[in-house]
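# An overview of the molecular structure
Take a look at the letters that make up each chain.
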Amino acid sequence: MSDTQVLSRKTLSSDLMAGVVVCLVATPLCVGIAAVSNAPPFSGLISGVVGGLLVGLVSKSHTSVSGPAVGLTALIAGMVGQLHSFEAFLLAVVIAGLLQMLLGVVRMGSIAGFFPYSVIRGLLAAIGVILVLKQIPHVLGHDTDPEGEMSFSQPDHENTLSEIAAIVGDLQVGSAIIGITSVAILMAWKYSQKLKAIKIPAPLIVIAFGIVLNLIFRATGSSLAIGETHLVNVPVAKDFLGFWSFWNHPNFSQLSNPAIYTAAVTIAVVASMESLLNTVAMDKLDRHQRTSPLNDELIAQGVGNVVVGLIGGLPITSVVVPSAVHVESGGQTKLVAITHGILLLTVVALVPGWLNLIPISCLAAILLVVGLELTKPVLIRQMWSEGRYQFLPFVATVIAIVLTDLFVGVLAGLGFSVAFILLANLKRPINHVVEKHLGDEVQHIELANQVSFLNRPALMSALDTVPRGGHVLLDAQQTVYIDPDILSVIREYKDRTAPVRNIKVSLRGFRERYHLPDEIHYHDWSTRDVQGQLTSRQVLDILIEGNLRFQTGRRLNRDLSRQLHGTADGQHPLAVVLSCIDSRSPAEMIFDLGLGDIFNARVAGNVISPKVLGSMEYGCAVAGAKLLVVMGHTRCGAVSAAIKLSGCTTSIEEATGCQHLAPIVHDIQLSIDPDQPAPEHDAPTSQKDDFVNAVARCNVLLAVSAIQQQSRTIRELIEQGRVALVGAMYDITTGQIEFFTDQAIGLTAPVEVRSEETRRGVEHSKAVAH
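Quick caveat: nothing in here was measured; it's all calculated off a predicted structure.

With that settled, consider the overall build of the protein. Assigned secondary structure in the protein consists of 32 helices and 13 strands. For 770 residues, the compact-globule estimate of 2.2 N^0.38 gives 27 Å, and the C-alpha radius of gyration of the protein, at 38 Å, exceeds that figure by more than 25%. Seen along its three principal axes, the alpha-carbon backbone of the protein occupies a region of about 115 × 75 × 45 Å. Of all intrachain contacts in the protein linking residues separated by at least 6 positions in sequence, the fraction that spans at least 24 positions is 78%. The centroid of the 54 positive side-chain charges in the protein is displaced by 2 Å from the centroid of its 64 negative side-chain charges.

Shown next as structure tokens:
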């Protein structure tokens, strides 16, 4: 389904049904929000109509439903009193709408990208908790608090929790019967596949049930009949003039009043933040996972607020509660919001008395079930599994919203998240590792994305750990901002402290505005000096260390463009590696090496030929490599093919379709022990793999022996102590290299261990070999 396809045969009926449900649920919310805001009751309905119809048409969000701002109720009440009239307040709303449109045009919607995931999830969960707690009294017929009031402290001088206790002294039995039964119907509909198959949404069934049952109570004169205080209460005009009197207009004579503009900016900022946050939250609930264009959403909200300000409505925002009802009722496009707006306008204008037949308890039952859906235990488990840096801001947001109100709670959640970010930044403002490059051991200090003055002690401590005569690399490639205090520390260390301690300081990645150009004083590729200083055993040590880094994911940070320029005029490789052409065994990556560090001859099955021997001789005798490595690998395709073809009666070319494969297959087949028959076709895979790996190992050792026997050049280099020859097996499942040091030629002494990492690598290699 297209993101912009509103009128679709597949979604039309479900969207229309969901629009009806949203309208019926949103109506008492609109009236209640107006009452809590000390505004005319009809002003909330105006916002509901404009938010659904106009904003729904202009907005490109398919899940968001707009209406009177829940998070602005306290601000509205205060502003109306401060401006001395509702008409002056409407002028502030018009200006606020224009400001919102401007914010959208200058693309301020992108600020929503900075809302932490934990706060968004916390907002949804908090709304769910509030809905459950707030609707319990209404489900049981205790309706002293206006529907739609979401703050902890209530106008009836109770709070969210004490209101539940107050039910004991004020219970309307008829409302309670309808409310409890409605909850049962909704839950049964939710978990019964047969009921789900019915095309009519469960909330519509519940509303119809509540109306009909109360009419029966009235018709029979039952004491269970529900009075007006427990029914939806939409203002009803006696005639057209009475209806027209509900509409108010801004007082433009107040344009010169500075307080108007202060109120307008406040409304614009708070309403925009609330709309962006709610829209992002609803995108998370969208079954189709569509993303709403937030700059367009700001423009749509601004258009809506200009219009409601001109005709007497309350400020508009995207509202979570009707939006969640939209999703839970099966709505799929913004036609739901448009339908809600059209239906609300029609009913309020023509037959408002129909809405006043709906028991509040059955609407509360719908909202209670929606609240339960927003606070699923799986959400809490998910946030817990993501660690404390997600879970604690999530919990803080939920608690803050539930115990205060939406606006204050979200600000508290954002503040808590920022505090955690700062704490994490303080704990790990830098990444400090020791890197063993070919030419030098470097203390690599990588700065964080944001480095503030609070990180100064951590940086100074890291710099103090650099030993005298050492080398430190200050890496700012990922850094966006560096505080001037930090820059002062770096400059003082580079210009004064380091020279005294004989420490080399390399710099990389600092932005031009910091005036710290790149300076690299070490080589991270093999040079003539490096090659000349190393022995064969030390080169093997380097390969073991590199493979361990490869296995553990701690590969050296290399500047490949610098290596490219550094090796352009010549190469001084440390080793020659003969390996298979298998795409899973690239020697440079396996040994964590860079450009110019090794020669790598690759041929299927790592077999020997005059051309391969010539290449290896050149690498050692001319280019100066100190070590020859023949590297096979597990699950080798060439070895497997050679085993399968060992008993084949047809030619290899006919069997494989490869014209020149026969010499390679014949060479590998020399490593197959005739006394060890290959596993049967139906043998376990592990048994087949073991046989292939055993042949591959023998093939490596055979190649090592053949190199010494067939190449006089290499044999003489080995006798002179200039080169050593060793076989190895690479495990493609673990990344581990097993060196056959016991069968090595020219390595007469044990492998030298340069570091603890190398020691572990050598010990593991010996254990695997054993």
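This is not the end of the story, as more comes after the structure.
For the coordinates displayed, the defined rule picks out 14 salt bridges. The residue Asp 475 makes a salt bridge to Arg 508 at a minimum N-O spacing of 3.2 Å. A residue pair is termed long-range when its members are at least 10 positions apart, and Asp 475 in strand 6 (residues 471-475) and Arg 508 in strand 8 (residues 504-508) qualify at 33 residues. Grouping residues by exposure puts Asp 475 and Arg 508 together as buried. Across the pair Asp 689 and Arg 635 runs a salt bridge whose closest N-O atoms are separated by 3.6 Å. Within this pair, whereas Asp 689 is found in helix 30 (residues 685-710), its partner Arg 635 is found in the loop between strand 11 (627-633) and helix 27 (637-644), the two being separated by 54 residues in sequence. The exposure class of Arg 635 is partly exposed, given its relative accessible area of 44%. Connected via shared salt-bridge partners are Lys 190, Glu 373 and Lys 376.

One can find Phe 114 in the loop between helix 4 (86-105) and helix 5 (117-139). Judged by relative accessible area, which is 69%, Phe 114 ranks as exposed. Note: C-alpha distance between Phe 114 and Asn 159 (45 residues apart in sequence) is 32 Å.

Let us now look at a nonpolar patch on the surface. A cluster of nonpolar side chains, Leu 102, Val 105, Val 106 and Met 108, forms an exposed patch at the surface whose accessible area comes to about 370 Å². Turning to its location among the elements, Leu 102 is positioned in helix 4.

Attention now moves to the nonpolar core. Nonpolar side chains in soluble globular proteins tend to be buried together. Membership of the largest hydrophobic core comes to 116 residues, with the highest contact counts inside it found for Phe 89, Ile 127 and Ile 358. The element that contributes the greatest number of residues to this core is helix 11 (residues 258-285), accounting for 12 residues. What Ile 358 contacts, discounting residues up to four positions off in sequence, is Leu 24, Ile 207, Ile 211, Leu 231, Val 232 and Leu 363. One finds Met 616, Ala 623, Ile 668 and Ala 706 within the second-largest nonpolar core, a separate group that totals 45 residues.

With that out of the way, let us pick up the side chain of Arg 121. Examined against the element boundaries, Arg 121 turns out to sit in helix 5. Of the buried charged residues, Arg 121 lacks a salt bridge, with Glu 386 as the closest side chain of opposite charge at 7.0 Å. The residues touching Arg 121, leaving out its near neighbours within four places in the chain, are Lys 284, Leu 379, Met 383 and Phe 394.

Attention shifts here to the sheet that holds strand 10 (residues 598-602). One open sheet accounts for five strands, arranged 10-9-11-12-13; its pairing is mixed. With one partner strand each, in any of the chains shown, strand 10 and strand 13 (737-739) form the two edges of the open sheet. Across this sheet, the average inter-strand angle for adjacent strands is 25°, counted without regard to direction. Direction of pairing for strand 9 (residues 575-579) relative to strand 11: parallel, over a ladder of five bridges. Paired with Ala 575 across the bridge in strand 11 is Leu 627.

Moving on to the confidence of the model for the protein. In this model, the protein carries a mean pLDDT of 86, and residues with pLDDT of at least 70 account for 95%. In this model residues 751-770 is a low-confidence stretch, pLDDT under 50, and it forms 35 contacts with partners more than four residues away in sequence or in other chains.

Right, let's get into unusual backbone geometry. Leave glycine aside and you will find that most residues have negative phi; peptide bonds, for their part, are mostly trans. Here the phi dihedral of Arg 107 falls at roughly 65°; this positive angle occurs in a residue that is not glycine. Examined against the element boundaries, Arg 107 turns out to sit in the loop between helix 4 and helix 5. Residue class for Arg 107 comes out exposed when judged on its relative accessible area of 57%. For Arg 635, which is not a glycine, the phi torsion comes out positive at approximately 55°.

Turning to the packing of aromatic side chains, a few remarks are in order. Within the structure shown, the criterion is met by seven aromatic pairs. Following the ring pairs from residue to residue traces out a cluster consisting of Phe 42, Phe 246 and Trp 247.

Turning our attention to the sheet that holds strand 6. Within the open sheet, the four strands sit side by side as 3-4-6-8. Their pairing is mixed. Either end of the sheet is taken by a strand with one partner, and the two such strands are strand 3 (430-436) and strand 8. On average, adjacent strands in this sheet sit at an angle of 20° to one another, irrespective of strand direction. Summarising the sheet, strand 4 (residues 441-447) and strand 6 pair through four bridges and their orientation is parallel. Of the residues in strand 6, the one forming a bridge with Gln 443 is Val 472. Along the sheet, helix 21 (residues 484-500) contacts strand 4, strand 6 and strand 8; its crossing angle with strand 8, the most-contacted strand, is approximately 155°.

Each value, and the rule that gives it
Residues numbered from 1 in each chain as written. Predicted model: local features only at pLDDT ≥ 70, side-chain atom pairs only at ≥ 80, totals over all residues. Heavy atoms only, no water. Helix = DSSP H or I, 4+ residues; strand = E, 2+ residues; numbered from the N terminus. Rg over C-alpha atoms; globule rule 2.2 N^0.38 Å. Contact = heavy atoms within 4.5 Å. Lys, Arg positive; Asp, Glu negative; His and termini not counted. Charge placed at Lys NZ, Arg CZ, Asp CG, Glu CD. Salt bridge = Lys/Arg side-chain N within 4 Å of Asp/Glu carboxyl O. Buried < 20%, exposed > 50% of the residue type's maximum accessible area, 1.4 Å probe, protein only. Patch = residues over 30% accessible without salt bridge, like charges linked within 9 Å, V, L, I, M, F, W, Y side chains within 5 Å. Areas by Shrake-Rupley, 256 points an atom, 1.4 Å probe, with all protein chains shown as cover. Core = buried A, V, L, I, M, F, W, Y, C linked by side-chain atoms within 4.5 Å. Pairing = 2+ DSSP bridges. Axes fitted to C-alpha atoms, helices over the stretch in contact; angles between N-to-C directions. pLDDT = per-residue confidence, 0-100. Phe/Tyr/Trp six-rings, centres within 6.5 Å; stacked < 30°, edge-to-face > 60°.

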